[in-house]
Amino acid sequence: RAREKAQQALAGFVEQQIRLEEDMRVDQWGQEQLDAAMALAQEGDSEFAEEQYEAALNLYQSATQHLSDLIDAGNQLFDQHLAQTTRYIDELNIPGATTEIERALAIKANDTQALALKQRVSVLPQIVSLLRTAKNHELGERPQQALAVYQQIEQLDPATRGLAALRQNAARAESKNQVAQHLSRGFAHLNQRRFDAARKAFNAALLLEPDNDIAKGGLAQLAKENDLAVIKQHQQVAERALAAEEWQQAIEAYEAVLKMDNNIQFASNGLSSAKAHLRSSTLLNKIASEPQKLSRQQLYLEAVDILENARTLEHRGPKMRAVIATVDNLIVLYRDPVDVVLVSDNATEIIMSNVGQLGRFERKTLSLRPGQYTIRGSQDGCRDIYLSIEVLPGIRPVDLSCPESL
């Protein structure tokens, strides 16, 4: 058992030794400590050869602990080199970063983090040169060119310290340049009475800088020189459309005014009026085209309200007056109930729409509102009756007897 324990301890030592020599390249930074551990292991070998297994076990364990401490020291030293490399990269210190990353790789040549830092160090000279170029562009008031250079830097090393702030400052300067260009174009267009182009330029400036007083002043001047004339033109179009009962055209004209300035009162009022005329005209024409629906009490009352509302509208031209008269006649026609005589054979079950179950009878008189009604009759041994009648004053008696035996 003592021999087996000593052999296990030796195996653990060898495993640690291989890790140090192959993975951490200990010969580059900790050869002296490795030699001391190897000396202890060799003493252990001597004791093992003399079959002094307990002494060999102790020596192997001591040697293994030396290697374990050496691994910890190597990891700590490696982390220190990585941290120092990162600091030197942030400080744009090319020699310092190069030295530190080489020391880190001397410990762990294949470490992913170290290789990534090595890549950053390799492009550091380009980064330094590009940062200098971008600064010169900014000093020369060429922020757009500076932004292009910062884009190159980001492609080389997106983790470059302070890059986001530099880009933000350059973008802010570029935005100011664009605002100035938009303002210059806006006033140039205004002087040449190219009003649409001027408005577009001033609005573009405000999109970048919403509180820019110069752009607001330019739009105010533009309104005086152009907008009032355009608004007046739309107003005239709308008024002519109202007179011609072209409600949709009037709506579009008023909406065009409100699109320019949604606070103009005449356009807001006119739009409401035009929409009211369009709605009344549409409803009145629907009533006139489907008068049979007036037989339903609710729709009849709604039609009365629609008619009364239409009579209050301001712009009632010939078309609207004509449809008002038509609906008025229909309202009168459908206002009073009509006596309808139903004749049957006292054996057929009769059901009538909007009325309900009438049962069997030979003759029945109903007082109905004018309109369209559907009647169904059923009797054993006969084909069912399906009949649609139009109830109007003067309607003749309706025969609901069984028409055909089965």
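Residues numbered from 1 in each chain as written. Predicted model: local features only at pLDDT ≥ 70, side-chain atom pairs only at ≥ 80, totals over all residues. Heavy atoms only, no water.

Asks: Even after reading the chapter, I still don't get the environment of Arg-194, so can you show me in this structure?
Replies: Within the fold, Arg-194 resides in the loop between α8 (163–191) and α9 (195–208). Judged by its relative accessible area of 38%, Arg-194 falls in the partly exposed class. The spatial distance from the C-alpha of Arg-194 to the C-alpha of Asn-226 is 9.5 Å, given a sequence separation of 32 residues. (Helix = DSSP H or I, 4+ residues; strand = E, 2+ residues; numbered from the N terminus. Buried < 20%, exposed > 50% of the residue type's maximum accessible area, 1.4 Å probe, protein only.)

Asks: In this structure, what is going on with the packing of helix α2 (residues 31–49) against helix α3 (residues 53–90)? I would like to understand it.
Replies: Relative placement of two packed helices is described by the angle separating their axes and the distance separating the axes. Axis separation between α2 and α3 bottoms out at 8 Å; the angle between their running directions is 165°. Between α2 and α3, the interaxial angle falls into the category roughly antiparallel. Crossing geometry of α2 relative to α3 is assigned as left-handed. Every residue of α3 that contacts α2 at Gln-33, Leu-34, Ala-37, Leu-40, Ala-41, Glu-43, Gly-44, Asp-45, Glu-47 and Phe-48 is listed here: Tyr-53, Ala-55, Ala-56, Leu-59, Tyr-60, Ser-62, Ala-63, His-66, Leu-67 and Leu-70. Taken together, the residues of the contact of α2 with α3 break down into 13 nonpolar, four polar and three charged. (Axes fitted to C-alpha atoms, helices over the stretch in contact; angles between N-to-C directions. Parallel < 35°, antiparallel > 145°, perpendicular 65-115°, else oblique. Left-handed = near helix turned anticlockwise from the far one by under 90°. Contact = heavy atoms within 4.5 Å. Nonpolar A, V, L, I, M, F, W, Y, C, P; charged D, E, K, R; others polar.)

Asks: Got a minute to help me understand the sheet that holds strand β2 (residues 349–352) in this structure?
Replies: Strand pairing within a sheet occurs via backbone hydrogen bonds; the two strands may be parallel or antiparallel. What the four strands build is an open sheet, ordered β3-β2-β5-β6; its pairing is antiparallel. Whereas interior strands pair on both sides, the edge strands pair on one side only; in this sheet they are β3 (356–359) and β6 (385–391). The mean angle between the axes of side-by-side strands here comes to 25°, regardless of whether they run parallel or antiparallel. (Pairing = 2+ DSSP bridges.)

Asks: Is there a simple way to explain the packing of aromatic side chains in this structure?
Replies: Two aromatic rings are characterised by how far apart their centres lie and by the angle between their planes. Inspection of every chain in the model, using the stated rule, returns two aromatic pairs. Aromatic side chains Phe-187 and Phe-202 sit 4.9 Å apart centroid to centroid with 70° between the ring planes, which places their arrangement in the edge-to-face category. Placement of the pair is Phe-187 in helix α8 and Phe-202 in helix α9, with a sequence separation of 15 residues. Overall, the relative accessible area of 0% leaves Phe-202 in the buried class. With a centroid separation of 6.4 Å and an interplanar angle of 65°, the aromatic rings of Tyr-254 and Phe-266 are classed as edge-to-face. Of this pair, Tyr-254 sits in helix α11 (residues 247–260) while Phe-266 sits in helix α12 (residues 265–289), placing them twelve residues apart in sequence. Since its relative accessible area comes to 6%, Tyr-254 is described here as buried. Over the aromatic face of Phe-78 sits the side chain of Lys-108, whose NZ or CZ is 4.8 Å from the ring centroid. (Phe/Tyr/Trp six-rings, centres within 6.5 Å; stacked < 30°, edge-to-face > 60°. Lys NZ or Arg CZ within 6 Å of the ring centre and 35° of its normal.)

Asks: I'm lost on unusual backbone geometry in this one. Help?
Replies: Most peptide bonds take the trans configuration, and most residues that are not glycine carry a negative phi. In the Ramachandran plot, Glu-51 falls in the positive-phi region, its phi being about 60° despite a non-glycine side chain. With respect to the helices, strands and loops of the structure, Glu-51 is situated in the loop between α2 and α3. The backbone phi angle of Asn-354 is positive, close to 65°, even though this residue is not glycine. Note on placement: Asn-354 falls in the loop between β2 and β3.

Asks: Hey, could you run me through the sheet that holds strand β1 (residues 338–343) in this one?
Replies: Pairing is mixed across the open sheet formed by three strands, whose spatial order is β4-β1-β7. A strand with exactly one partner marks an edge of an open sheet, and here the two such strands are β4 (363–368) and β7 (398–399).

Asks: Please explain the pattern of salt bridges as it appears in this structure.
Replies: Any two side chains of opposite charge can pair, so long as their charged atoms come close to each other. This structure, assessed with the given rule, holds eleven salt bridges. A salt bridge links Asp-157 to Arg-120; its shortest N-O distance comes to 2.7 Å. With a gap of 37 residues between them, Asp-157 in the loop between α7 (143–156) and α8 and Arg-120 in helix α5 (residues 112–122) connect regions that are remote in the sequence. Each member of the pair Asp-157 and Arg-120 is classed as buried. A single salt-bridge network, built from bridges that share partners, covers Lys-286, Glu-290 and Lys-293. (Salt bridge = Lys/Arg side-chain N within 4 Å of Asp/Glu carboxyl O.)

Asks: How should the nonpolar core be read in this particular structure?
Replies: If you look at the biggest cluster of nonpolar residues, it comprises 37 residues, and the most contacted ones within it are Leu-20, Leu-82, Ile-101, Tyr-150 and Ile-153. Taken together, the elements giving at least two residues each to this core come down to α1 (2–23), α2, α3, α4 (94–107), α5, α6 (124–139), α7 and α8. The element that contributes the greatest number of residues to this core is α3, accounting for eight residues. If near-sequence neighbours (up to four positions away) are discounted, Leu-20 is found in contact with Arg-25, Val-26, Trp-29, Leu-67, Leu-70 and Ile-71. Grouped together as the second largest cluster of nonpolar side chains are 31 residues, Trp-247, Tyr-254, Ala-267 and Ala-310 included. (Core = buried A, V, L, I, M, F, W, Y, C linked by side-chain atoms within 4.5 Å.)

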